[in-house]
Amino acid sequence: MQQYDVTDAQKKAFEENEADFRRFDDQLRGIRETARARLAKNGWEPDRKDTIPCLACPCPDFQPGGPQGNCKRISCRDSLISHDTPE
């Protein structure tokens, strides 16, 4: 494993970044839970068998390869972050 020589200030910056990413992950998890509940309340429960359905549109499964890493389905084009990825 490669060792990196970082200053104390850089270590602190990495720790702050890690904390921010953790908060972002928590926020995203909450948004996904709300989106799932909202869709389920309105009768939308996509088949989750080995699929990554979109929470922003009726796309049944994320297809990588679209512009800027978004879903390549013409009817979707949402980012992976909009899809219900397994946790």
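Please refer to the structure placed before this passage.
Engineer: Please set out the overall build of the protein chain residue by residue, giving values where relevant.
Structural biologist: In terms of helices and strands, the protein chain carries one helix and zero strands. Here the C-alpha radius of gyration of the protein chain, 17 Å, is well above what a compact globule of 87 residues would show, namely 12 Å. For the protein chain, the C-alpha atoms occupy an extent of roughly 50 × 30 × 20 Å along the three principal directions. Sequence separation of at least 24 residues holds for 35% of the intrachain contacts in the protein chain that already meet a minimum separation of 6. Surface accessibility of the protein chain: about 7,000 Å² in total, with carbon and sulfur atoms responsible for 53%. Once the 14 positive and 16 negative side-chain charges of the protein chain are each reduced to a mean point, those two points are 6 Å apart.

Engineer: Break down the side chain of Asp-84 for me, with residues and values.
Structural biologist: Residue position: Asp-84 is located in the segment after helix 1 (8–41). A distance of 2.8 Å separates a polar atom in the side chain of Asp-84 from a polar atom in the side chain of Arg-36. When residues no more than four places from it in sequence are discounted, the contact partners of Asp-84 are Arg-32, Arg-36, Arg-48, Ile-52, Pro-53 and Leu-55.

Engineer: Describe a nonpolar patch on the surface, listing the residues and the values that go with them.
Structural biologist: On the surface, Tyr-4, Val-6 and Phe-14 cluster together to form a nonpolar patch covering roughly 350 Å² of accessible area. Mapped onto the secondary structure, Tyr-4 falls in the segment before helix 1. Residue classification places Tyr-4 among the exposed residues on the basis of a relative accessible area of 62%.

Engineer: Could you give me a rundown of helix 1, with the residues and numbers involved?
Structural biologist: Counted at 1.5 Å a residue, the expected span for helix 1 with its 34 residues is 50 Å, and the 50 Å between its end C-alpha atoms agrees. Regarding helix 1, the residues found buried are Leu-28, Arg-32 and Ala-35.

About the cut-offs
- Residues numbered from 1 in each chain as written.
- Predicted model: local features only at pLDDT ≥ 70, side-chain atom pairs only at ≥ 80, totals over all residues.
- Heavy atoms only, no water.
- Helix = DSSP H or I, 4+ residues; strand = E, 2+ residues; numbered from the N terminus.
- Rg over C-alpha atoms; globule rule 2.2 N^0.38 Å.
- Contact = heavy atoms within 4.5 Å.
- Areas by Shrake-Rupley, 256 points an atom, 1.4 Å probe, with all protein chains shown as cover.
- Lys, Arg positive; Asp, Glu negative; His and termini not counted.
- Charge placed at Lys NZ, Arg CZ, Asp CG, Glu CD.
- Polar contact = N/O pair within 3.5 Å; in protein donor to acceptor, adjacent residues only side chain to side chain.
- Patch = residues over 30% accessible without salt bridge, like charges linked within 9 Å, V, L, I, M, F, W, Y side chains within 5 Å.
- Salt bridge = Lys/Arg side-chain N within 4 Å of Asp/Glu carboxyl O.
- Buried < 20%, exposed > 50% of the residue type's maximum accessible area, 1.4 Å probe, protein only.
- Expected span 1.5 Å × (residues − 1).

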